[in-house]
Amino acid sequence: GADLNSALAFTEIFLEKDDTYDTHPTKSKRVNAVIKGFNKAGGDSTLSNTNNTPTEYTQKNSNMSVEEYLNRGIERLNSENYNGAISDFTNAIRIKPDYASAYFNRAYSKANLKDYSGSVEDLSKVIKLLPELDPNYAVAYFNRGLSKFRLKDYYGAIADYTKAIELD
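Source: prediction; values computed, not measured.

J.: Teacher, can you tell me more about the packing of aromatic side chains here?
T.: Between two aromatic rings, the relevant description is the distance of the centres plus the angle of the planes. Enumeration according to the criterion identifies three aromatic pairs in this entry. Geometrically, the ring pair formed by F142 and Y161 is tilted, given 5.6 Å between the ring centres and 40 degrees between the ring planes. Here F142, found in helix α7 (residues 135-150), pairs with Y161, found in helix α8 (residues 154-167); they are 19 residues apart in sequence, far enough to count as distant. Relative accessible area serves as the criterion here: at 41%, F142 is assigned to the partly exposed category. Judged by its relative accessible area of 23%, Y161 falls in the partly exposed class. Across from the ring centre of Y99, 4.6 Å away, lies the NZ or CZ of K96, which sits over that ring.

Next comes the structure, spelled out in structure tokens:
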């Protein structure tokens, strides 16, 4: 959330020297990296770190497309920022209520937070949205079975596993 000058302030401690055989970049290389990162974040960044994962910079933008929300959600999911991922997938679903991929990824994020009921709910929507020929259809049944198993709904888990086996 700092301005560019504040972001660059730490670089004053470094010296400009030859870094050909060194493991540490020169001051100018560090300054260029900070400027590049600051601009990549839109020049007006906020820190997003809701669950002690490595900090990531996100651009302030309330008009993101459904694909941008999905892509950022996947990045957050991959960095184990499950709450941030859920927020992005929810925004994608708000824009496109029949977006099976957003439901699928949100279900996976919820399962990682041990919200198995929420995961089952989202995967049920995926199953309703996808055609049986879609390869992810069987995966949705399998993953829903996993969440049902964790909820101790063993008969429901067996039914979903059986359907996944029938499909693939």
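Additional details are given in the paragraphs that follow.
J.: What's the story with the side chain of D160 in this structure? I'm lost.
T.: Among the structural elements, D160 can be located in helix α8. D160 sits in the buried class, given a relative accessible area of 3%. Setting aside anything within four residues of it in sequence, one finds D160 in contact with Y141, R144, G145 and K148.

J.: Would you mind showing me how to read the nonpolar core here?
T.: Grouped burial of nonpolar side chains is what soluble globular proteins tend to show. Core analysis: the largest hydrophobic core is formed by 24 residues, its most contacted members being A92, Y99, A102, V126 and A140. Sequence-distant contacts of A102, defined by excluding residues within four places in its chain, comprise L70, F89, A92 and I93.

J.: Would you mind showing me how to read the pattern of salt bridges here?
T.: Side-chain pairs of opposite charge can arise where the charged atoms are in close proximity. Evaluated as defined, the whole model comprises seven salt bridges. A salt bridge links R72 to D88, with the nearest nitrogen and oxygen atoms 2.7 Å apart. Of this pair, R72 sits in helix α3 (residues 66-78) while D88 is found in helix α4 (residues 82-95), placing the two residues 16 residues apart along the sequence. Judged by relative accessible area, R72 falls into the buried class, the value being 17%. Across the salt bridge formed by R144 and D160, the nearest N and O atoms sit 2.7 Å from each other.

Each value, and the rule that gives it
Residues numbered from 1 in each chain as written. Predicted model: local features only at pLDDT ≥ 70, side-chain atom pairs only at ≥ 80, totals over all residues. Heavy atoms only, no water. Phe/Tyr/Trp six-rings, centres within 6.5 Å; stacked < 30°, edge-to-face > 60°. Helix = DSSP H or I, 4+ residues; strand = E, 2+ residues; numbered from the N terminus. Buried < 20%, exposed > 50% of the residue type's maximum accessible area, 1.4 Å probe, protein only. Lys NZ or Arg CZ within 6 Å of the ring centre and 35° of its normal. Contact = heavy atoms within 4.5 Å. Core = buried A, V, L, I, M, F, W, Y, C linked by side-chain atoms within 4.5 Å. Salt bridge = Lys/Arg side-chain N within 4 Å of Asp/Glu carboxyl O.

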